[in-house]
Amino acid sequence: IIMNKLMTIFGAFFLASVVLTSCGDVNVKDLDKGIEDEESAVEALMTVIKAQIEMIDKAMGPMQELADMEDRAEDIQKAYIDVSDKIRDEKWDEDDLEDDADNWDEYEDLVDELEDKQEDFEELREKAW
């Protein structure tokens, strides 16, 4: 669920970044006004293609980050399942972990931090939409 929310929010950021960066360095405004012959027409076509390439290049960065994050989310989910399976195999319940692990308090602090981050993320997602 969290990763779906992450992907949604980063999708919105990606879209915004494409829109904001789409007017890049290659100027395409009024290209038709400078066409006087076949050579200038081809130059104008090349300018349009360069602008398209530039926009795709700018879009690929955030898309690659999203793809990397999705891979990372899958790795994290698999690790969580593996750890949960091991705890279950050992027949430890939460009381066992709390009573016998010296670092239980640190774990609880991290759970609290995660919950706070999830709330912050949810607020940010709502603002972005």
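The preceding data block contains the structure.
This report concerns the structure included in the present document. Source: prediction; values computed, not measured.

**With respect to the overall build of the chain**
- Each helix and strand counted, the chain has four helices and zero strands in total.
- Listed by position from the N terminus, the elements making up the chain come as α-α-α-α.
- Residue burial in the chain is summarised as follows: out of 129 residues, 13% are buried.
- Pairs at least 24 residues apart make up 69% of the contacts formed inside the chain by residues separated by at least 6 positions.
- As presented, the chain carries roughly 10,700 Å² of accessible surface, and 55% of it is formed by carbon and sulfur atoms.

**Some details on unusual backbone geometry**
- Of note, the phi angle at Asp 30 is positive, near 60°, even though the residue is not glycine.
- Locating Asp 30 in the fold gives a position in the loop between α1 (2-21) and α2 (38-89).
- On the accessibility criterion, Asp 30 (43% relative accessible area) is partly exposed.
- In the Ramachandran plot, Lys 91 falls in the positive-phi region, its phi being about 60° despite a non-glycine side chain.
- Summarising the element assignment, Lys 91 is placed in the loop between α2 and α3 (94-100).

**Some remarks on the side chain of Ser 40**
- Here Ser 40 shows up in helix α2.
- If we skip the residues at most four places from it in the chain, Ser 40 touches Gly 34 and Ile 35.

**Observations concerning the packing of aromatic side chains**
- Evaluated as defined, the whole model comprises one aromatic pair.
- Ring geometry for Trp 104 against Tyr 107: centres 4.8 Å apart, planes inclined by 40°, an arrangement best described as tilted. One end of the pair, Trp 104, and the other, Tyr 107, are both in helix α4 (residues 104-128), three residues apart, so they sit about a helical turn from each other.
- According to the relative accessible area criterion, Trp 104 is buried, its value standing at 9%.

**A look at the pattern of salt bridges**
- Taken as a whole, this structure holds five salt bridges when the rule is applied.
- With a closest N to O distance of 2.8 Å, Arg 88 and Asp 85 form a salt bridge. Remark: Asp 85 and Arg 88 occur in helix α2; sequence separation between them is three residues, near one turn of the helix.
- When its relative accessible area of 55% is taken as the criterion, Arg 88 is described as exposed.
- You can call Asp 85 partly exposed: its relative accessible area is 31%.
- Where Lys 86 meets Glu 90, a salt bridge forms, and the shortest distance between an N and an O atom there is 3.0 Å.
- By relative accessible area, Glu 90 is classed as partly exposed at 35%.

About the thresholds
- Residues numbered from 1 in each chain as written.
- Predicted model: local features only at pLDDT ≥ 70, side-chain atom pairs only at ≥ 80, totals over all residues.
- Heavy atoms only, no water.
- Helix = DSSP H or I, 4+ residues; strand = E, 2+ residues; numbered from the N terminus.
- Buried < 20%, exposed > 50% of the residue type's maximum accessible area, 1.4 Å probe, protein only.
- Contact = heavy atoms within 4.5 Å.
- Areas by Shrake-Rupley, 256 points an atom, 1.4 Å probe, with all protein chains shown as cover.
- Phe/Tyr/Trp six-rings, centres within 6.5 Å; stacked < 30°, edge-to-face > 60°.
- Salt bridge = Lys/Arg side-chain N within 4 Å of Asp/Glu carboxyl O.

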